[in-house]
Amino acid sequence: MKKIIVTIVVVLLAQLGMAQDAFKQDVLKVLKASGSAAQMELAKEQIIGNIPEEKRADFSKDFDASLPSLYDKMAKVYMETYTHEEVKQMLKFYDSPVGKKITEKASELTKNNMAAAQEWGMELQGLMMKYMQ
């Protein structure tokens, strides 16, 4: 009887592990489709400008090697926030025409939003100076 119970528990744990793996893989697909990967490329481009030219290739390799760890952490956050079914619905959305456009335009949108935020920041500095004097 103990062997049967242990076997059932092991099978259930294995199925749960496989389900978690499928969930995580779907979350990683959402992260890619949502433009998170494109945003990391943009961040890399901005940072690399501050790295001496002769060290940029090595930095780029190290940066790229650090991304799986970041994506694992982000996947964990998604998995704590959303159900697997909700993630599957997100994937369906990103497979739609408008979802594909969002993915396609993510990098451009991020660049433009950053420029807008910088412009606003300059305006905000002027506003702050008005009240700090």
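One can find the structure itself at the top, above this paragraph.
Residues numbered from 1 in each chain as written. Predicted model: local features only at pLDDT ≥ 70, side-chain atom pairs only at ≥ 80, totals over all residues. Heavy atoms only, no water.

S.K.: How do you make sense of the packing of aromatic side chains when you look at a structure like this?
M.R.: Given two aromatic rings, their pairing is described by the distance between the two centres and the angle made by the two planes. Within this structure, the stated rule accounts for 3 aromatic pairs. Between tyrosine 78 and tyrosine 82, the ring centres sit 5.6 Å apart and the planes meet at 50°, which makes this aromatic pair tilted. Residue tyrosine 78 is classed as partly exposed on the basis of its relative accessible area of 22%. The exposure class assigned to tyrosine 82 is partly exposed, which follows from its relative accessible area of 33%. The interplanar angle of 70° and the centroid separation of 5.2 Å between the aromatic rings of phenylalanine 93 and tyrosine 94 together place this pair among those described as edge-to-face. (Phe/Tyr/Trp six-rings, centres within 6.5 Å; stacked < 30°, edge-to-face > 60°. Buried < 20%, exposed > 50% of the residue type's maximum accessible area, 1.4 Å probe, protein only.)

S.K.: So what exactly am I meant to see when it comes to the nonpolar core here?
M.R.: One recurring pattern in soluble globular proteins: nonpolar side chains tend to sit buried together. Within the largest apolar cluster, 10 residues are counted, these being Phe23, Val27, Val30, Leu31, Ala33, Ala75, Val87, Met90, Leu91 and Tyr94. Secondary-structure elements contributing two or more residues to this core are helix H1 (2–33) and helix H4 (84–95). If one sorts the elements of this core by residue count, H1 sits on top with 5 residues. When sequence neighbours within four positions are dropped, the list of residues in contact with valine 27 reads Ala75, Tyr78, Met79 and Val87. (Core = buried A, V, L, I, M, F, W, Y, C linked by side-chain atoms within 4.5 Å. Helix = DSSP H or I, 4+ residues; strand = E, 2+ residues; numbered from the N terminus. Contact = heavy atoms within 4.5 Å.)

S.K.: So what exactly am I meant to see when it comes to helix H5 (residues 97–132) here?
M.R.: Spanning 36 residues, H5 covers 49 Å between terminal C-alpha atoms, matching the ideal 52 Å at 1.5 Å per step. For H5, the principal kink sits at lysine 105 and spans about 55°. Against helix H2 (36–48) and H4 lie the buried residues of H5. (Expected span 1.5 Å × (residues − 1). Bend = angle between axes of the 7 residues up to and from the residue.)

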